[in-house]
Amino acid sequence: MSDDMYSVEQVAEVLGLHVRTVRGYIRTGRLRATRIGKQYRISRADLDALTGRPAPGSPTGAPTLEVSSIVQVDGVDRAAADRLGTFVLAGVNTHHDPARPLRVQTVHDEERHRLKIVILGDAAGTADLLRLVDAVLHGDNFLSAGEATDA
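1. Quick notes on the confidence of the model for the chain
Reading fine detail from the predicted coordinates is not recommended where pLDDT is low.
Inference 1: Per-residue confidence for the chain averages 81 on the pLDDT scale, and 80% of its residues sit at or above 70.
Inference 2: Confidence drops under a pLDDT of 50 for residues 144-151, and excluding neighbours within four residues, the segment shows 17 contacts in the predicted structure.

Structure below.
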């Protein structure tokens, strides 16, 4: 691999993702890329920004801590999953330190009536978001039916 620029295929291999997933990240703006002809090229700095690795030459400072959490909520229909997903994303965007961003993704499985919330970020921000999700799920019947479980 080149030290400075990567192809979509190389990024997919490094991250253990499907090529279509990487292209989706580029389309949505989650991963910055430069289009050269018919192909995308991703810089090392942009790949590091996606993965949360410090850029080369950046001060090391104090050790960093990143937490990954998956919250599974069973018994959730599409409407409740959309409401909860919107609520969680709004909570992340309005109540968190921009210097330490949380990355959140929600996935709803309609067949199993299951919502999974994937959270990546610092320990304090993740804990705050998990408390928010717990308060919402155990509050005034946010979900029409169902229970929440941590996976």
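Now that the structure is up, let's keep going.
2. So, the layout of surface pockets
Inference 1: Taken as a whole, the second largest pocket encloses approximately 280 Å³ of empty space.
Inference 2: Lining the second largest pocket are Leu-15, Leu-17, Tyr-25, Arg-30, Leu-50, Thr-51, Glu-66, Arg-103, Val-104, Gln-105, Val-118 and Leu-120.
Inference 3: Of all elements in the fold, only helix H3 (44-51), strand S5 (103-109) and strand S6 (114-121) reach the threshold of two or more residues within the lining of the second largest pocket.
Inference 4: In terms of residue count, the dominant contributor to the lining of the second largest pocket is S5 (three residues).
Inference 5: When its residues are assigned to classes, the lining of the second largest pocket shows seven nonpolar, two polar and three charged.

3. A few points about the packing of helix H4 (residues 78-94) against helix H5 (residues 123-137)
Inference 1: Two elements in contact, H4 and H5, have axes separated by 11 Å at closest approach and are oriented at 145 degrees. Every pair of crossing elements has a handedness; the one defined by H4 and H5 is right-handed. Facing H4, whose interface residues are Leu-84, Phe-87, Val-88, Gly-91 and Val-92, H5 presents Leu-129, Leu-132, Val-133, Val-136 and Leu-137.
Inference 2: Looking at the contact of H4 with H5, its residues break down into nine nonpolar, one polar and no charged.

4. Side note on unusual backbone geometry
Most peptide bonds adopt trans geometry, and most residues besides glycine take a negative phi value.
Inference 1: Phi angles above zero are rare outside glycine, and His-113 is one such case at about 55 degrees.
Inference 2: Take His-113: it is sitting in the loop between S5 and S6.
Inference 3: Exposure remark for His-113: the relative accessible area of 43% places this residue in the partly exposed category.

5. Quick notes on the pattern of salt bridges
Inference 1: Taken as a whole and assessed by the stated rule, the structure comprises nine salt bridges.
Inference 2: Note that Glu-9 and Arg-23 form a salt bridge whose closest N and O atoms lie 3.6 Å from each other. Note that Glu-9 is positioned in helix H1 (residues 8-15) and Arg-23 in helix H2 (residues 19-28), a separation of 14 residues in sequence.
Inference 3: We note a salt bridge from Asp-82 to Arg-78, for which the minimum N-O separation is 3.5 Å. Here Asp-82 and its partner Arg-78 are both found in helix H4, four residues apart, which amounts to about one turn of the helix.
Inference 4: Taken together, the shared-partner salt bridges connect Arg-78, Asp-82 and Glu-110 into one network.

Parameters at a glance
Residues numbered from 1 in each chain as written. Predicted model: local features only at pLDDT ≥ 70, side-chain atom pairs only at ≥ 80, totals over all residues. Heavy atoms only, no water. pLDDT = per-residue confidence, 0-100. Contact = heavy atoms within 4.5 Å. 1 Å grid on protein atoms, 1.4 Å probe; cavity = no way out; pocket = protein on both sides within 12 Å on 5 of 7 lines; lining within 4 Å. Points joined across faces, edges and corners; volume = space filled by probe spheres on them. Helix = DSSP H or I, 4+ residues; strand = E, 2+ residues; numbered from the N terminus. Nonpolar A, V, L, I, M, F, W, Y, C, P; charged D, E, K, R; others polar. Axes fitted to C-alpha atoms, helices over the stretch in contact; angles between N-to-C directions. Left-handed = near helix turned anticlockwise from the far one by under 90°. Buried < 20%, exposed > 50% of the residue type's maximum accessible area, 1.4 Å probe, protein only. Salt bridge = Lys/Arg side-chain N within 4 Å of Asp/Glu carboxyl O.

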